[in-house]
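Each chain, letter by letter, is given below.
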Amino acid sequence: MIIQNQQKRIVAVHDLSCIGRLSLMAVVPILTNMGLQVCPLPTALLSCHTQFPDYTFLDLTEEMKRIIANWRKQQLRFHAFYTGYLGSPQQVQVVKDLLHEFRHEDDLVVVDPVLGDNGTLYKGMTTQMVEEMRELIKHANVITPNITEMFLLLGEPYRAGAIEDKDLKAYLRTLAEAGPEIVIVTSVPVEGDPHQTSVYAYNSIDRRYWKVTCPFLPAHYPGTGDSFTSVITGSLMQGDSLPVAIDRATQFILQGIRATFGYDYNNLEGIMLEKVLRNLETPIQVCTYELV
């Protein structure tokens, strides 16, 4: 019998913001807590993230290439690849080259297509980056767009408000047809109830749709998408089913917001991850997912 005792390594392709619990400052502690060795491949170094009124920005595209070249020399083996903020078409190509060279057949590729929110592109994002992201998701097993990014990837005009299940299912199927096996869409409004929000997921392998609904709290914390996708990634790497993974991730974000909400605190710094990280060590107690 061969004993499998190799720790799983995951390449995390995200920016590093020195202030704010998002990107690598969220990805590393969450995935480390979930038992994975995180190997950062930073795309940019920022003094604080771009929703602050002022920040410094250092593009790391050339350093990404040097890091990958060093990994090549060391003949490193990775088991998953997880991308978030990519700042240019050149960085998308670097990621595609990385996957072509290092990815094995059974490796997991998760793409969080960081493009925009609330119906608009993020600062610095362009229509060319939307086109590049449409190409990148073809290489993914799992993608996690928010509702704005879903419409951008589809090339459809943004629709505010609730979307009928039949329409949303059609959108998810269309994105899955582009390549990813699993499509998870966040920030989906609930019809007739502004105090609720939903996450929808589609698994194209078994053709099943899942939904998790949770309370919507009136506070904005940058980085919740990074934390959500990190928990999704860690859960799938641990062997959780898709509905359990989306349930665990949704509950973790809700716990983080509730733990932070009562503080006199600058919301731009994100949810207080350090107060809820240990919750990831416990089995999920009550599942709220639905088959739709």
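These notes cover the structure that comes with them.

Criteria and cut-off values
Residues numbered from 1 in each chain as written. Predicted model: local features only at pLDDT ≥ 70, side-chain atom pairs only at ≥ 80, totals over all residues. Heavy atoms only, no water. Phe/Tyr/Trp six-rings, centres within 6.5 Å; stacked < 30°, edge-to-face > 60°. Core = buried A, V, L, I, M, F, W, Y, C linked by side-chain atoms within 4.5 Å. Buried < 20%, exposed > 50% of the residue type's maximum accessible area, 1.4 Å probe, protein only. Contact = heavy atoms within 4.5 Å. Pairing = 2+ DSSP bridges. Helix = DSSP H or I, 4+ residues; strand = E, 2+ residues; numbered from the N terminus. Disulfide = S-S within 2.5 Å. Axes fitted to C-alpha atoms, helices over the stretch in contact; angles between N-to-C directions. Parallel < 35°, antiparallel > 145°, perpendicular 65-115°, else oblique. Left-handed = near helix turned anticlockwise from the far one by under 90°.

The subject of this paragraph is the packing of aromatic side chains. One pass over the full model with this rule turns up seven aromatic pairs. Chaining the aromatic ring pairs together yields one cluster made of Trp71, Phe78, Phe81 and Phe102.

Once that is clear, we can look at the nonpolar core. Counting residues in each nonpolar core, the largest one holds 47 residues, and the members touching the most others are Leu41, Trp71 and Met150. When sequence neighbours within four positions are dropped, the list of residues in contact with Trp71 reads Val11, Cys39, Pro40, Leu41, Leu76, Phe78 and Phe102. Counting residues in each nonpolar core, the second largest holds 44 residues, with Val199, Ile232, Ile246 and Tyr265 among its members.

This paragraph deals with the sheet that holds strand S14 (residues 290–291). With mixed pairing, nine strands are arranged side by side in an open sheet as S3-S1-S6-S7-S10-S11-S12-S13-S14. Looking at strand neighbours, the two that pair on one side only are strand S3 (37–40) and S14, the edges of this open sheet. Pairing geometry for strand S6 (residues 80–83) and strand S7 (residues 108–111), over four bridges, is parallel. Within S7, the residue paired with Ala80 across the bridge is Leu108.

Before going further, it helps to spend a moment on the state of the cysteines. This structure, assessed with the given rule, holds zero disulfides. Its sulfur unpaired, Cys287 is 14 Å from the next cysteine sulfur, which belongs to Cys214. Residue classification places Cys287 among the partly exposed positions, given a relative accessible area of 37%.

This part is about the packing of helix H1 (residues 24–33) against helix H7 (residues 224–238). Running from N to C, H1 and H7 cross one another at 30°; their axes reach a closest spacing of 9 Å. Viewed along their axes, H1 and H7 adopt a mutual orientation that is roughly parallel. For the pair H1 and H7, the sense of crossing is right-handed. Where H1 abuts H7, its residues Ala26, Val27, Ile30 and Leu31 lie against Ser227, Ser230, Val231, Thr233 and Gly234.

A few words now on unusual backbone geometry. Of note, Asn118 is a non-glycine position whose phi angle comes to about 50°, a positive value. For Asn118, the location among the structural elements is in the loop between strand S8 (116–117) and strand S9 (120–121). Positioned with a positive phi, Ser187 is a non-glycine residue whose angle comes to about 60°. Structurally, Ser187 can be placed in strand S11 (residues 182–189).

For the rest of this paragraph, the subject is the side chain of Gln91. Within the element layout of this structure, Gln91 appears in helix H3 (residues 89–102). Residues contacting Gln91, with those up to four places away along its chain left out, are Thr43, Asp59, Leu60, Thr61, Met64 and Leu86.

Spatially, three strands are ordered S2-S4-S5 in an open sheet, and the strand pairing comes out mixed. Every other strand in the sheet has two partners, leaving strand S2 (16–17) and strand S5 (57–59) as the edge strands with one partner each. Of the pairings in the sheet, the one linking strand S4 (residues 44–46) to S5 comprises three bridges and is antiparallel in character. Bridge assignment links Leu45 to a residue of S5, and that residue is Leu58.

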